[in-house]
Amino acid sequence: MATETYEQVLVERREAVATVRMNNPSRLNAFTWTLARELVGAMQALSDDEAVRAVILTGEGRAFSAGADLSAFEEPYRRGERPKLSEFLEAGYNRLVPLMTEMPKPVIGALNGVVAGAGVSVALACDQRIAADDVSFNMAFVRIGLIPDAGSTYLLPRVVGMARALEMALLSDKVDAETALRYGLVNRVVPAASLMDEATVLAERLAAMPTVAIGMTKRLFHDATTKTLREAMAVEAKAQDEAAQTDDHIEGVMAFLEKRGPEFKGR
Ligand code: T3D
């Protein structure tokens with residue numbers, strides 16, 4: 001197993017699976033400039049690395065992430081300054097969230113403990129979400145007079161539906177594991193102690209699958225939301241030509257015909 005350490009991000013690689021751990025636990029993995037910048041760098045590197053075929057994102061300690069680092073606001077606000085937050089959004093979340101949704105490999109969110117504010121948005125950018133049974137979601141933005149950002153105005157209604165998205169954003173009540181599962185906000189809830197084992201099993205399973213087709217499926221699903229049915233079907237036809245060129249397509253068909261298990265190589 002290889003480990004790369006940034007200041008506030010840990011990356012572990014075990015064969016084709018990489019685990020990215022947000023590592024600012026004393027502030028519940030709040031997004032500092034350092035954490036945001038390092039996450040973008042780590043995700044870009046994993047996206048570009050063909051040897052990596054599945055990524056897990058999780059948080060160190062008792063939180064996935066509590067959202068924006070509010071401690072950075074203290075000094076300027078006490079001085080009476082009025083902030084311009086868009087600079088941080090554009091340099092951080094607005095790079096990170098599309099990077100995750102467009103990454104040509106699956107990203108699994110292993111959601112532990114507190115998931116608040118932009119932490120919810122980053123969780124929504126994962127392709128599959130496994131939650132620990134002690135997870136607690138809180139949109140939080142409205143509690144500090146802000147609007148949902150980091151992609152959540154787009155992703156949250158698509159994941160849970162408009163009525164529930166508005167309920168979560170406007171009331172900002174805590175959403176527990178059972179409710180999150182009922183809302184479709186998470187795919188699965190598991191005991192906190194087995195969260196990483198379960199996420200790893202899923203990541204290893206996905207990493208052994210046809211990675212090119214998986215990457216294309218992600219892209220097509222996201223792109224289709226802004227298309228008509230006919231447009232989406234035209235894009236599918238073109239993309240299927242591309243998928244059919246992969247070694248994994250040939251392997252999948254031959255394995256079926258030869259009545260054996262396939263050995264996908266991710267190309
Ligand atoms: O520029 C931009 O980025 C703007 C974009 C904003 C997007 C957003 O994400 S807005 C939402 C920001 N997040 C929040 O408002 C959540 C703030 N945190 C909380 O409300 C609570 O901490 C929680 C409900 C999430 C958890 O409560 P609890 O009781 O389990 O933990 P705690 O004691 O409040 O927190 C533990 C420590 O983490 C504590 O530090 P201390 O007192 O031990 O030194 C606390 O201050 C720190 N912490 C928690 N959340 C943040 C944080 N520090 C900085 N930023 C935080 N978001």
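Before reading further, recall that the structure is shown in the block above.
Nothing here was measured: the structure is a model prediction, and the numbers come from that model.

Parameters at a glance
Residues numbered from 1 in each chain as written. Predicted model: local features only at pLDDT ≥ 70, side-chain atom pairs only at ≥ 80, totals over all residues. Heavy atoms only, no water. Near = heavy atom within 4 Å. Polar contact = N/O pair within 3.5 Å; in protein donor to acceptor, adjacent residues only side chain to side chain. Areas by Shrake-Rupley, 256 points an atom, 1.4 Å probe, with all protein chains shown as cover. Nonpolar A, V, L, I, M, F, W, Y, C, P; charged D, E, K, R; others polar. Helix = DSSP H or I, 4+ residues; strand = E, 2+ residues; numbered from the N terminus. Expected span 1.5 Å × (residues − 1). Buried < 20%, exposed > 50% of the residue type's maximum accessible area, 1.4 Å probe, protein only. Contact = heavy atoms within 4.5 Å. Phe/Tyr/Trp six-rings, centres within 6.5 Å; stacked < 30°, edge-to-face > 60°. Pairing = 2+ DSSP bridges. Salt bridge = Lys/Arg side-chain N within 4 Å of Asp/Glu carboxyl O.

*Asks:* Any chance you could explain the site of the ligand here in plain terms?
*Replies:* Looking at the ligand, there are 24 residues lining it, with Arg62, Ala66, Ala68, Leu70 and Ala118 nearest. A distance of 3.4 Å separates an oxygen atom of the ligand from a polar atom in the backbone of Ser26. At 2.9 Å, a backbone N or O of Leu70 approaches a nitrogen atom of the ligand. Look at the ligand: alone it shows 1,100 Å² of surface, and the protein chains cover 63% of it. Across the shell around the ligand, the residue classes tally to 16 nonpolar, four polar and four charged.

*Asks:* In this structure, what is going on with helix H1 (residues 33–48)? I would like to understand it.
*Replies:* Side chains three or four residues apart in an α-helix point the same way, a direct result of the helix having 3.6 residues per turn. In this model, H1 (16 residues) spans 23 Å end to end at C-alpha, consistent with the 22 Å of a helix rising 1.5 Å per residue. Taken as a whole, H1 has its buried residues at Thr34, Leu35, Ala36, Glu38, Leu39, Val40, Ala42, Met43, Leu46 and Ser47. Of the surrounding elements, those touching the buried residues of H1 are strand S2 (9–14), strand S3 (17–22), strand S4 (54–59), helix H3 (86–91) and helix H4 (93–102).

*Asks:* Before we go on, may I ask you to explain the packing of aromatic side chains in this structure?
*Replies:* By convention here, two paired aromatic rings are described through the distance between centres and the angle between planes. All told, the structure shown has four aromatic pairs when counted by the stated rule. Considering the side-chain rings of Phe31 and Tyr93, the 5.4 Å spacing of their centres and the 85° angle between planes classify their relative orientation as edge-to-face. Pair noted here: Phe31 is in the loop between S3 and H1 and Tyr93 is in helix H4, with a separation of 62 residues, a long-range link. With a relative accessible area of 2%, Phe31 lands in the buried category. For Tyr93, a relative accessible area of 2% gives the class buried.

*Asks:* Would you take a moment to explain the pairing of S2 for this structure?
*Replies:* Within a regular strand, the side chains alternate between the two sheet faces. Judged by which residues are buried, S2 turns out to be one-sided: Val9, Val11 and Arg13 face inward and are buried, whereas Leu10, Glu12 and Arg14, on the alternate face, are not. Two strands pair when backbone bridges link them, and strand S1 (residues 2–5) and S2 are joined in this way by four bridges, in the antiparallel orientation. Each residue of the ladder has a partner; that of Glu4, found in S2, is Val11. Here S1 hands over to S2 after three residues, the two strands then running antiparallel side by side. Joining the antiparallel neighbours S2 and S3 is a turn of two residues, in which Glu15 adopts a positive phi near 50°.

*Asks:* How do you make sense of the pattern of salt bridges when you look at a structure like this?
*Replies:* Any two side chains of opposite charge can pair, so long as their charged atoms come close to each other. Overall, the coordinates contain 12 salt bridges when judged by the stated rule. Here Arg78 ties to Glu74 by a salt bridge, and the two come within 2.9 Å at their closest N and O atoms. Of this pair, Arg78 and Glu74 both sit in helix H2 (residues 74–78), four residues apart, which is roughly one turn of the helix. The salt bridge partner of Glu258 is Arg260, with a shortest N-O separation of 2.8 Å.

Just geometry here; none of it tells us what the structure is for.
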